Amino acid sequence: MLKLFTSLAATAAIALISGSAFAQGYPERSITMVVPFAAGGPTDTVTRLVAESMSKDLGQQIIVENVGGAGGTLGASQVAKADPDGYTLLLHHIGMATSATLYRKLPYDTLNAFEYVGLVTDVPMTIVAKKDFEPTDLKGLVEYVKANADKITLANAGIGAASHLCGMLFMSEIKTPLTTVPYKGTGPAMTDLLGGQVDLMCDQTTNTTKQIKGGTIKAYGVTSAKRLDALPDVPTVAEAGLPGMQVGIWHGIYAPKGTPAEVTQKLSGSLQKALKDPDIIARFAELGTVPSTDAEATPAGLKSKLESEVTRWKPVIEAAGQYAD
Amino acid sequence: MDLLNNLVLGFATAASPYNLLFCFIGVILGTLIGVLPGIGATATIAMLLPITFQLEPVSSLIMLAGIYYGAQYGGSTTAILINMPGESSSAVTAIDGYQMARKGRAGAALSIAAIGSFFAGTVSTILVAVFAPPLTAVALRFGSPEYFSLMIVGLVSSVALAHGSVVKALGMVVLGLLLGLVGTDIYTGTPRFNLGILELSDGLNFVALAVGVFGIAEILRNLENEHDRDVMIKKVTNLWPTRQDWKEMTAPILRGTVIGSALGILPGGGAILASFASYTVEKRISNTPGEFGKGAVAGVAGPESANNAGAQTSFIPMLTLGIPANPVMALMIGAMIIQGIVPGPNVATEQPALFWGIIASMWIGNLMLILLNLPLIGLWVKLLTIPYYMLFPAIIAFCSIGVYSVNSNVFDLYAVAFFGLIGYGLAKLRCEPAPLLLGFVLGPLLEEHLRRAMIMSRGDPMTFLNRPISLGLLLLAAAVLVVVLLPSIRKKRDEVFVED
């Protein structure tokens, strides 16, 4: 009863602000957008911001549903099996591409189980260390890490997490294996980094920007092509001599295979409008990211991104030899 | 004085009519979901997130915080009345609280829980206000070796949870540890004991397990023997604690507050131990340990205070570091980010009204809760007079909704049914579910921290002895063991732990 009450209340609240609910044809009722991660995390935050803005444009509420578990594959497989009517969507991040290799048995075929709506955003990563870590810049860090490889610990938020992917990439770029320390999520990993229990981590700006600004951890580089407005003093990895470290946690919206093209086109148009919402641009900037361009926020843009990323990560993951199943 | 100015700012913010309203909505909702078995604060806050878009950041956080500690108050209600704990903390309350209810003292048990919670909430709010930054510094000194040693203390003490055979209690702890192994190994990604079921790859759901072995099993037992329940209703005596109760509850409440506040600060899973630790301490120092498990006042007062104190102080890591100590805190951080406030180490200086407003609202919310809950006790107790053939289907329906809402996953409902049967079997064998839940909660943490500590020390077990905090905790664990094994005390213990 409570759930019913709250969803009614939520519907009423959204209906109040969205005003005109006179959409013709699709969508005629509320849309469920599945996030394959827990509520409150970075992907959930991105989803809720975009869903709220798209709801206004579509005139129907987009309800965000968190179906967490198994590195995002549970939520993805639920959407893969859903009716292809445009009322069940999935917002997933880079894990959509990496789980194709990380999981040797998946209940869906990554490249053939979905229709594409478009790319949402590409969140850069930061290479960070505990605040009293010796090296002063990224070059110094690489030298120091190579010289002390047997003493350095590299944290990540669990297998398949963004920080795990970025950490694998870092080790393969500097050709030095380090002792990796997995955690259950970013929170505990960051706690140990703040407490100096672990030395290094590479994580999304969503998690690190505030700590870097607060001086509680040290930043060596951002993995974006340009410096970030939120962190103007932190050089890009390319500037600092590690161009191969350019990597982002990209997010895309998918629909089950067989969803009509008119529907995905309509959603894609709505996504493009949402991504120009000044509110979204401002919130994304605070998180150290920018909305995707109109060309990226299209079915074709997401399709080519997914395909190229599946190819890019396959050898990195296979070289590390760590699988999630 | 800075602190005074800050508190004035905080109370000015929290006591604005608008924020008072949202604080009130929060604690009412929290109490409600706490009372409904199975529905937890996490699921509710997740459902309410979209609404918070429309509110001021301070108001929405005050409301969400109210839901969180309101649920802590309400959660003990179902544990006491129908032996249905919705989270690990109330599992301990169920042990003696439900026994009190069966003796017709449900009202007294509920009052004791509410009074203990209020006192603990008040003290720990002051702690948060005055000592948040230095306490954070202490919490950060806890690395994996320290957490491992802390969990060892918890495990060694867990035998105190038993009021029947110690061997069976140990067996239950081990069974719990084993159930905790189900899921994906976080260090290698290898799935363990998941029987090829994808839904088990993140382990068993705690709520499903707890609702099954406690609540559903109790329903099955009651259906088998309706007579027991009649006794429970007919014997309802006074609703309020007697003078003797007040005498018995004061010291446990004080101790529970201290224990809970201290453990709640640790972001790596300290709060989980709060109510278990308090129960253990109370039973150890009690003159009448034999009363525990049969409706001891201290067994309700101590753990309930500890649990509420821990809930309040677990805000410290979030407020001072921007780091979530539990899933509810993670949701609150999500709510802040959606509002455009990215929590981090500077929240207190960048958003003083928000920071101090939340702290002030915690005390106001606790006050509202006690004013709200004491008059409601009579009503809750009346619920017991509903004929059982009407009550139990409702309980099962609400449980199912609640458990489903945690992960939106049907599999969890099968798990409830399965563990209901297991719990019934265990009850028939006179094996108690509380040690099983403790093992289930501690097992994964124990393993995680042991292995992480060993990875960081590169396989050198001396890391547990070289670090002073860890060494101290291990010595404490050893001391507890010695006390248990000392011959003179053993004699006393044998008397206590005989099979009834």
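Residues numbered from 1 in each chain as written. Chains lettered and ligands numbered in written order. Predicted model: local features only at pLDDT ≥ 70, side-chain atom pairs only at ≥ 80, totals over all residues.

A few words now on the confidence of the model for chain A. Mean pLDDT over chain A: 86, with 92% of residues reaching 70 or higher. This model gives residues 12–24 of chain A a pLDDT under 50, and the stretch forms 16 contacts once residues within four places in sequence are excluded. (pLDDT = per-residue confidence, 0-100. Contact = placed C-beta atoms within 7 Å.)

It is worth spelling out the nonpolar core at this point. In a soluble, globular protein the nonpolar side chains are often hidden away together inside. Counting residues in hydrophobic clusters, the biggest one holds 262 residues, and the most contacted among them are Leu 89 of chain A together with Leu 61, Ala 109, Val 211 and Met 332 of chain B. Counting residues per element, this core draws most heavily on helix α6 (residues 106–140) of chain B, which supplies 17 residues. Split by domain, the residues of this core number at least three in each of domain 1 (28–122 + 250–320) and domain 2 (124–245) of chain A. (Core = buried A, V, L, I, M, F, W, Y, C linked by C-beta atoms within 7 Å. Buried ≥ 20, exposed ≤ 12 C-beta atoms within 10 Å, placed from the backbone. Helix = DSSP H or I, 4+ residues; strand = E, 2+ residues; numbered from the N terminus. Domains from an automatic or database assignment.)

Moving on, we come to helix α9 (residues 206–224) of chain B. For α9 of chain B, with 19 residues, the first-to-last C-alpha span of 26 Å sits near the 27 Å given by 1.5 Å per residue. Along α9 of chain B, the sharpest kink reaches roughly 35 degrees, centred on Gly 212 of chain B. (Expected span 1.5 Å × (residues − 1). Bend = angle between axes of the 7 residues up to and from the residue.)

Right, let's talk about the packing of helix α4 (residues 57–82) of chain B against α6 of chain B for a bit. All names here are of chain B. Contact geometry for α4 and α6: axes closest at 10 Å, N-to-C directions at 160 degrees. Between α4 and α6, the interaxial angle falls into the category roughly antiparallel. Our pair here, α4 against α6, has a crossing hand that is right-handed. In this structure, α4 uses Tyr 69, Gln 72, Tyr 73, Ser 76, Thr 77, Ile 80 and Leu 81 to contact α6, whose residues at the interface are Ala 106, Ala 109, Leu 110, Ala 113, Ala 114, Ser 117 and Gly 121. Split by residue class, the contact of α4 with α6 holds nine nonpolar, five polar and no charged. (Axes fitted to C-alpha atoms, helices over the stretch in contact; angles between N-to-C directions. Parallel < 35°, antiparallel > 145°, perpendicular 65-115°, else oblique. Left-handed = near helix turned anticlockwise from the far one by under 90°. Nonpolar A, V, L, I, M, F, W, Y, C, P; charged D, E, K, R; others polar.)

Moving on, we get to the pairing of strand β9 (residues 248–256) of chain A. All names here are of chain A. Burial analysis of β9 places nine of its nine residues in the buried class, which makes it a mostly covered element. For strand β3 (residues 88–92) and β9, the ladder comprises three bridges, and the chain directions are antiparallel. For His 92, the partnering residue across the bridge sits in β9 and is Gly 252. (Pairing = 2+ DSSP bridges.)

Below, the discussion takes up unusual backbone geometry. Residues other than glycine predominantly adopt negative phi, and peptide bonds predominantly adopt the trans conformation. Going from Tyr 26 of chain A to Pro 27 of chain A, the amide bond is cis rather than trans, its omega being -10 degrees. Its place among the elements puts Pro 27 of chain A in the loop between α1 (2–18) and β1 (31–35). Phi is positive for Lys 175 of chain A, close to 50 degrees, though the residue is something other than glycine. By the secondary structure assignment, Lys 175 of chain A is in the loop between α6 (162–173) and β6 (179–182). One non-glycine residue with positive phi stands out, namely Arg 458 of chain B, at about 55 degrees. Assignment of secondary structure puts Arg 458 of chain B in the loop between α20 (433–456) and α21 (463–466).

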